[in-house]
Amino acid sequence: MIEFRNVNKYYGKYHALVDVTETIASGEVVVVCGPSGSGKSTLIRTINRLESIDAGQILLDGQDIHRAGMNLDAFRSGIGFVFQQFNLFPHLNVIDNCTLAPIHLRGLTPAAAREQALALLERVGLADKAQAFPAQLSGGQQQRVAIARALAMQPPLMLFDEPTSALDPEMVGEVLLVIRDLAHQGMTLVCVTHEMGFAREVADRIFFMDHGVILERAAPEDFFNRPQHARAQKFLADIRTPFARG
């Protein structure tokens, strides 16, 4: 479904993505992990062109998505993206947050959009909050609404950029449960996260990045139990013993 071909990205002189060549299959769940500043968020943001690239190609279903002249709005409407910050419209209640794009971009009638939105809110456990405004919700609830809103466009691909990093610890689990359910339903997911327990349980493959390079790609069993790259070994050792002094 997604193919990276020698993708490079610079911020000034800083080489943020270095010759990234990788494929992600339809229906695959890929978790991207690595230390801060490793290029994880940059990588995922190139998939829906929130970040440009300086060299190489990214293909989505065989189409070069960084080619000139592409209709960006139409392209992005087919990809669900959930951010670190929830980015809900604060002046709209939950149901209106979830119906706005389907009505205006997919052409659904207000009644059909509302029916779909209520079903999605039920799916994320928030049907009873349909009339609430974002400021009346906890962080975890807002993020679950953001997921429902993204799903309302019926995208074949969902991208998550550290979806729990802005949440209090007790709210992380409720969001990860929703993402886990999506993964189990066969949706193509790419998720940047520091939640290694979640990665071990949900991912089909894990990409480990550092300094803009995918140093290791492996099934969770292999990555967590038999990491091959020395940098991945150190990353996992530091997670397991966060107060160790070396």
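Residues numbered from 1 in each chain as written. Predicted model: local features only at pLDDT ≥ 70, side-chain atom pairs only at ≥ 80, totals over all residues. Heavy atoms only, no water.

1. Comments concerning the nonpolar core
Link 1 in the chain: With 38 residues, the main nonpolar core has L121, V145, I147, M158, F160, I179 and L189 as its most contacted residues.
Link 2 in the chain: Breaking this core down by element, the ones donating at least two residues are α3 (94-105), α4 (110-123), α5 (139-151), β7 (157-161), α6 (169-184), β8 (188-192) and α7 (196-202).
Link 3 in the chain: With 8 residues, α6 is the single largest residue contributor to this core.
Link 4 in the chain: Look past the residues within four positions of I179 in its chain and what remains in contact with it is I147, F160, P163, L189 and F198.
Link 5 in the chain: Listed in part, the 27 residues of the second largest apolar core include L17, I58, L60 and M70. (Core = buried A, V, L, I, M, F, W, Y, C linked by side-chain atoms within 4.5 Å. Buried < 20%, exposed > 50% of the residue type's maximum accessible area, 1.4 Å probe, protein only. Helix = DSSP H or I, 4+ residues; strand = E, 2+ residues; numbered from the N terminus. Contact = heavy atoms within 4.5 Å.)

2. Considerations on the sheet that holds strand β3 (residues 29-33)
Link 1 in the chain: If you trace the 6 strands from one edge of the open sheet to the other, you get β6-β7-β8-β3-β9-β10, paired in mixed fashion. The open sheet has two free edges, formed respectively by β6 (79-82) and β10 (213-218), since each of these has just one partner strand. Strand-to-strand, the axes of this sheet are offset by a mean angle of 15°, without reference to chain direction.
Link 2 in the chain: The pairing of β6 with β7 spans 4 bridges and is parallel. The residue bridging G80 from the neighbouring strand is M158, located in β7. (Pairing = 2+ DSSP bridges. Axes fitted to C-alpha atoms, helices over the stretch in contact; angles between N-to-C directions.)

3. Here's the deal with α4
Turn by turn, an α-helix covers 3.6 residues, leaving residues three or four places apart pointing in a common direction.
Link 1 in the chain: Along its 14 residues, α4 runs 20 Å from first to last C-alpha, staying within 8% of the 20 Å computed at 1.5 Å per residue.
Link 2 in the chain: Within the span of α4, buried status applies to A113, Q116, A117, L120 and L121. The arc that holds the buried residues of α4, viewed along the axis, is 135°, so those residues lie on one side. Residues of α4 that are exposed and point over 90 degrees away from its buried face: A111, E115 and E122. (Expected span 1.5 Å × (residues − 1). Arc of directions from axis to C-beta.)

4. Some words on the side chain of E51
Link 1 in the chain: With respect to the secondary-structure elements, E51 resides in the loop between α1 (40-46) and β4 (55-60).
Link 2 in the chain: A polar contact is formed between the side chain of E51 and the side chain of Y11, at a distance of 3.2 Å.
Link 3 in the chain: In contact with E51, other than residues within four places in its own chain, are K9, Y11, T42, R45, T46 and H66. (Polar contact = N/O pair within 3.5 Å; in protein donor to acceptor, adjacent residues only side chain to side chain.)

5. Some points on the sheet that holds strand β1 (residues 2-11)
Link 1 in the chain: Read across the open sheet, the 4 strands follow the order β2-β1-β4-β5; overall the sheet is antiparallel. Each having just a single partner strand, β2 (14-24) and β5 (63-64) make up the two edges of the open sheet.
Link 2 in the chain: Here β1 pairs with β4 via 5 bridges, running antiparallel. Opposite F4, over in β4, you have I58 as the bridge partner.

6. Considerations on the pattern of salt bridges
Any two side chains of opposite charge can pair if their charged atoms end up close together.
Link 1 in the chain: Under the definition given, this model contains 11 salt bridges.
Link 2 in the chain: One salt bridge in this structure joins E28 and R205, with 2.6 Å as the shortest N-O distance. With E28 in the loop between β2 and β3 and R205 in strand β9 (residues 205-210), the pair connects residues that are 177 residues apart, well separated along the chain.
Link 3 in the chain: On the basis of relative accessibility, which here comes to 12%, the residue E28 falls in the buried class. (Salt bridge = Lys/Arg side-chain N within 4 Å of Asp/Glu carboxyl O.)

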